[in-house]
Amino acid sequence: MPNTKCEQALDQIFEYIDHELPDEELRHIGDHLKECPPCEAEHRINEKIKNLVGNCGDEVAPDVLRARVLATIKSARGDS
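Residues numbered from 1 in each chain as written. Predicted model: local features only at pLDDT ≥ 70, side-chain atom pairs only at ≥ 80, totals over all residues. Heavy atoms only, no water.

Undergrad: I'd love a proper account of the overall build of the chain, names of residues and values included.
TA: If you tally the helices and strands in the chain, you get 5 helices and 0 strands. Written out in order from the N terminus, the α and β elements of the chain read α-α-α-α-α. The C-alpha extent of the chain, read off along each of the three principal axes, is 35 × 25 × 20 Å. If you take every contact in the chain between residues at least 6 apart in sequence, the share linking residues at least 24 apart comes to 60%. In the structure as shown, the chain presents an accessible area of about 6200 Å², 54% of it carried by carbon and sulfur atoms. Taken as two groups, the 10 positive and 17 negative side-chain charges of the chain have centres that lie 3 Å from each other. (Helix = DSSP H or I, 4+ residues; strand = E, 2+ residues; numbered from the N terminus. Contact = heavy atoms within 4.5 Å. Areas by Shrake-Rupley, 256 points an atom, 1.4 Å probe, with all protein chains shown as cover. Lys, Arg positive; Asp, Glu negative; His and termini not counted. Charge placed at Lys NZ, Arg CZ, Asp CG, Glu CD.)

Undergrad: Explain helix 3 (residues 23-35) to me, using residue names and the numbers behind them.
TA: The end-to-end C-alpha separation of helix 3 is 19 Å, in line with the 18 Å expected for 13 residues at 1.5 Å each. Three or more residues of helix 3 are buried, namely Leu26, Ile29, Gly30, His32 and Leu33. All buried residues of helix 3 fall inside an arc of 160 degrees around its axis, so they share one side. Those residues of helix 3 that are exposed and angled more than 90 degrees off the buried face are Asp23, Glu24, Arg27, Lys34 and Glu35. (Expected span 1.5 Å × (residues − 1). Buried < 20%, exposed > 50% of the residue type's maximum accessible area, 1.4 Å probe, protein only. Arc of directions from axis to C-beta.)

Undergrad: I'd like to hear about the side chain of His43, residue by residue, with values.
TA: Looking at the element boundaries, His43 is found in helix 4 (residues 37-54). His43 gets classed as buried once you look at its relative accessible area, which sits at 8%. Those residues in contact with His43 that sit more than four places away from it in its chain are Ile13, Tyr16, Ile17 and Leu33.

Undergrad: Explain the packing of helix 3 against helix 4 to me, and be specific about the residues and the numbers.
TA: It is the contact of helix 3 with helix 4, at a shortest axis distance of 6 Å, that shows an interaxial angle of 115 degrees. Our classification of the angle between helix 3 and helix 4 gives roughly perpendicular. Where helix 3 abuts helix 4, its residues His32, Leu33 and Glu35 lie against Pro37, Cys39, Glu40 and His43. Here the contact of helix 3 with helix 4 is composed, by residue class, of 3 nonpolar, 2 polar and 2 charged. (Axes fitted to C-alpha atoms, helices over the stretch in contact; angles between N-to-C directions. Parallel < 35°, antiparallel > 145°, perpendicular 65-115°, else oblique. Nonpolar A, V, L, I, M, F, W, Y, C, P; charged D, E, K, R; others polar.)

Bear in mind that shape data such as this cannot, by itself, settle questions of function.
Have a look at this one:
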């Protein structure tokens with residue numbers, strides 16, 4: 001059975017990277033990442049991807065596309 005803390009942290013990893021969460025939630029996820037090497041590795045990978053994509057141009061993906069991409073990632077992980 002997957003670790004609930006890991007699931008919660010990874011479900012919000014992009015919002016964490018973008019600082020789009022309340023301070024308490026940012027702190028909670030940050031604390032988890034410090035304690036969980038697999039989640040920290042996933043965080044670093046996603047941060048690198050975000051930076052690479054961010055350097056590709058000035059265009060912003062529509063919210064609908066972002067939602068579809070996140071849904072695809074969750075589906076690939078086997079999340080519901």
